[in-house]
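Architecture at a glance
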Amino acid sequence: MDRDHGQWSAWLDEHGPALVLLARQWTESHAEAEDVVQDAFVRFWPKRASVRNALAYLYSCVRTTAMDRRRSEAKRRGREELACPGDTEYLFEPALEHDERREMIEKTLRSLPDEQKEVVIMKIWGGLTFQGIGEALRISANTAASRYRYALTSLRQTLPQEQVE
C-alpha cells in the first residue's frame, strides 16, 4: 500500500460524487455509475504519478470507462434482444427525490448535448478549470469554455432565472 493512500482516499472522497455524476450520463443507474468510477480509478491508479493533471486524467478515465461500458452493454442487449425499458433513476442524490427544483434541473441537464453536459458537470460539480476539462476531453480550453457558455445559455433559456443563479 502506498504511503499516500490516505491522501488519495480523501481526494477520492472529495471528488467521487462529481465523478459518479459524470459517469451517470452514460449509465442506467447510480450503482452502475459507481462501478464505472471504481473501474476508472483502477485504470487511473498505475498512471497517476506520470500524468500532468491527475484530476483531469481521472475524469478522462471515468468518461472512457463509462462510454466503453455503454457500448458493451448495448452490444450485449442487442445479442440478447432485450427490449425492457429501465427504471427511471435520478442523477442526483436520492435524498432529493421529491424536490421539484432538482427534477427541473435534471430534465434540463439531460436535454443538453453530451458535449455540453459533460463540461457543465466537470466545471460545476467537479471544480475543474477549463484547462483541466480540455485535458480530460482532449479539446482546447477555449472549446471547453465555449461549450460551457452554450450550456449556460441553454439553461438560462429553459430554467426560471432563480434556478440558474
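Structure first, text after, so check above.
Overview of the structure. (Residues numbered from 1 in each chain as written. Predicted model: local features only at pLDDT ≥ 70, side-chain atom pairs only at ≥ 80, totals over all residues. Heavy atoms only, no water.)

Observations regarding the nonpolar core
Counting 40 residues, the largest nonpolar core has W11, F44, Y59, V62 and M122 as its most contacted members. Where this core is concerned, the elements lending two or more residues are α1 (5-24), α2 (30-44), α3 (54-80), α4 (100-111), α5 (114-125), α6 (130-137) and α7 (141-158). Contacts of M122, omitting those with residues within four sequence positions, involve L22, Y59, G127, L128, I133, A136 and L137. (Core = buried A, V, L, I, M, F, W, Y, C linked by side-chain atoms within 4.5 Å. Buried < 20%, exposed > 50% of the residue type's maximum accessible area, 1.4 Å probe, protein only. Helix = DSSP H or I, 4+ residues; strand = E, 2+ residues; numbered from the N terminus. Contact = heavy atoms within 4.5 Å.)

A look at the packing of aromatic side chains
Summed over the entire model, instances satisfying the criterion amount to 4 aromatic pairs. A ring pair is formed by F41 and F44, whose centres lie 5.3 Å apart and whose planes are at 40°; its orientation type is tilted. Pair noted here: F41 and F44 are both in helix α2, with a separation of 3 residues, about one helical turn. Taking the centre distance of 6.0 Å and the plane angle of 35° together, the rings of F44 and Y57 count as tilted. (Phe/Tyr/Trp six-rings, centres within 6.5 Å; stacked < 30°, edge-to-face > 60°.)

Some thoughts on α2
Between its terminal C-alpha atoms α2 stretches 21 Å, which fits the 21 Å expected from 15 residues at 1.5 Å a residue. Three or more residues of α2 are buried, namely H30, E32, A33, V36, V37, A40, F41 and F44. (Expected span 1.5 Å × (residues − 1).)

Side note on the side chain of E118
Mapped onto the fold, E118 is located in helix α5. E118 sits in the buried class, given a relative accessible area of 2%. When residues no more than four places from it in sequence are discounted, the contact partners of E118 are L22, W26, R63, L137 and R147.

Quick look at the side chain of Q116
Secondary-structure assignment places Q116 in helix α5. A residue is classified by how much of its surface remains accessible, and Q116, at 14% relative accessible area, is buried. Non-local contacts of Q116, meaning those with residues more than four positions away in its chain, are made with R147, Y150 and A151.

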